[in-house]
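Summary of the model geometry
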Amino acid sequence: MSRWRFLASPRWAGYLALVIVFAIACSALGTWQLNRRAEALAEVARIDANYDAQPVPLAEALPGRDDFDIDQRWQVVAATGEYLASEEVVVRNRPFGGSTGFEVITPFLLTDGTVFMVDRGWIPQDSDGRPSVVAPPPAGEVEITARLKAGEGRIAGRTSSGAELATIDLDELAERVDAPAYTGAYGILIQSGATAGEPPVALPRPVRDEGPHLSYALQWFVFALLAFIALAWFANQERKVLESDAAGGDSSPPDGGRVAHDRPSSAAPRTGRSSQPVERRSRPAKADRRRSDSDVEDEILDRR
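Residues numbered from 1 in each chain as written. Predicted model: local features only at pLDDT ≥ 70, side-chain atom pairs only at ≥ 80, totals over all residues. Heavy atoms only, no water.

**Digging into the overall build of the chain**
In terms of regular secondary structure, the chain is built from 5 helices and 8 strands. What you see in the chain, going N to C, is helices and strands ordered as α-β-α-β-β-β-β-β-β-α-β-α-α. Out of the 304 residues in the chain, the part that is buried amounts to 29%. Expressed as a percentage of contacts within the chain between residues at least 6 apart in sequence, the contacts between residues at least 24 apart total 66%. Of the accessible surface of the chain, which amounts to about 20400 Å², a share of 54% is contributed by carbon and sulfur atoms. (Helix = DSSP H or I, 4+ residues; strand = E, 2+ residues; numbered from the N terminus. Buried < 20%, exposed > 50% of the residue type's maximum accessible area, 1.4 Å probe, protein only. Contact = heavy atoms within 4.5 Å. Areas by Shrake-Rupley, 256 points an atom, 1.4 Å probe, with all protein chains shown as cover.)

Okay, structure coming up:
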């Protein structure tokens, strides 16, 4: 394991910490997408269970005026009473078919004296951005069916202006009528007959779509896994480089890789005329010039 010892360095510890943080963020985003998919699937299940179901009496579905459970969304209810046309309001900035307009909210006075808010449908805006002309609700006592939906509450920075509201805020609507009103949910009117296509137009059926949340979640989890794979790949590349450097160091001279040069020979010429070394010949020892007379005489005799 000594070849992986470099992984214990502070530099690689920092790399690992960054990868862990990145993987945690990706996992959190993937989990968030899975939660959104679960919410979408639950909404699809509510649409399938409630949207086309048989109506139940409003008092049975909502025993209390502030009662409402999320699983009751789109539940069909029936009620009997009369519209309070004088208290009718519109909610601005409501999309429909690619256009922006208003939704018409009309309080509905039930036979027991309580008020239930009914969304009668959508109307377009005129050239000045104001609500277009809308037909008044039926007069007198009528029976209606509607689908339940929770109120929207208030949005900071968006206020009401006269009979124009920013959101379907049931608490604000309850303050406008002089009677106890339902604040847990309101009803989207179910229209039928010849007037169903006339303004206010019935709101469209909700889309049964779970969205791309599952694929997005898988992508985030894959990104987290790829981060660790990339870290391992870079670590292996550095290991190869270190091993290559170590192998090159073992084949170099023991003095640390420096090339040893022989000292220039004393026999090399210093004049620069030749770069070839000159081999120095050994010179015979000089004869002793101090010879005796007998040596000289012997030498003369030898020559004869």
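From this point, the discussion proceeds with the structure in view.
**Quick look at the confidence of the model for the chain**
In low-pLDDT segments, the atomic positions of the prediction should not be examined closely. Looking at the chain as a whole, the pLDDT averages 83, with 81% of positions reaching at least 70. Note on residues 256–279: pLDDT under 50 across the span, and 8 contacts to partners over four residues away in sequence or across chains. (pLDDT = per-residue confidence, 0-100.)

**Focus: the side chain of Arg147**
The topology assignment puts Arg147 in strand β6 (residues 142–150). Notably, Arg147 is buried but unbridged: the nearest opposite-charge side chain belongs to Asp52, and the N-O separation is 4.2 Å. Excluding residues that lie within four positions of it along the chain, Arg147 makes contacts with Tyr51, Asp52, Trp74, Gln75, Val76, Tyr186, Gly187, Ile188 and Ile190. (Lys, Arg positive; Asp, Glu negative; His and termini not counted. Salt bridge = Lys/Arg side-chain N within 4 Å of Asp/Glu carboxyl O.)

**Some remarks on the pattern of salt bridges**
Applying the stated criterion across every chain, the model contains 15 salt bridges. When the shortest N-O distance is used, the salt bridge between Arg46 and Glu43 registers 3.0 Å. Taken as a pair, Arg46 and Glu43 lie in helix α1 (residues 10–50) at a separation of 3 residues, close to a single helical turn. Glu43 carries the same exposure label as Arg46, and that label is buried.

**Details of the packing of aromatic side chains**
All told, the structure shown has 9 aromatic pairs when counted by the stated rule. Arranged with centres 5.9 Å apart and planes meeting at 70 degrees, the rings of Phe6 and Trp12 form a pair that is edge-to-face. Overall, the relative accessible area of 12% leaves Phe6 in the buried class. Among the residues examined, Trp12 registers a relative accessible area of 6% and is labelled buried. Linked through ring pairs, Trp4, Phe6, Trp12 and Tyr15 together constitute an aromatic cluster. Between Arg147 and the ring centre of Tyr51, over which it is positioned, the NZ or CZ distance is 3.6 Å. (Phe/Tyr/Trp six-rings, centres within 6.5 Å; stacked < 30°, edge-to-face > 60°. Lys NZ or Arg CZ within 6 Å of the ring centre and 35° of its normal.)

**Quick word on the nonpolar core**
Judged by nonpolar contacts, the single largest core of 17 residues is most densely connected at Ile105, Met117, Ile168, Leu170, Leu173, Ala181 and Tyr186. Those elements giving two or more residues to this core turn out to be β3 (89–96), β5 (115–124), α3 (170–176) and β8 (185–189). For this core, the element with the highest residue contribution is α3, accounting for 3 residues. Setting aside residues no more than four positions away along its own chain, Leu170 makes contact with Met117, Gly151, Tyr182, Thr183, Gly184, Ala185 and Tyr186. Of all hydrophobic cores here, the second largest spans 16 residues; its members include Ala79, Leu110, Tyr182 and Ala185. (Core = buried A, V, L, I, M, F, W, Y, C linked by side-chain atoms within 4.5 Å.)

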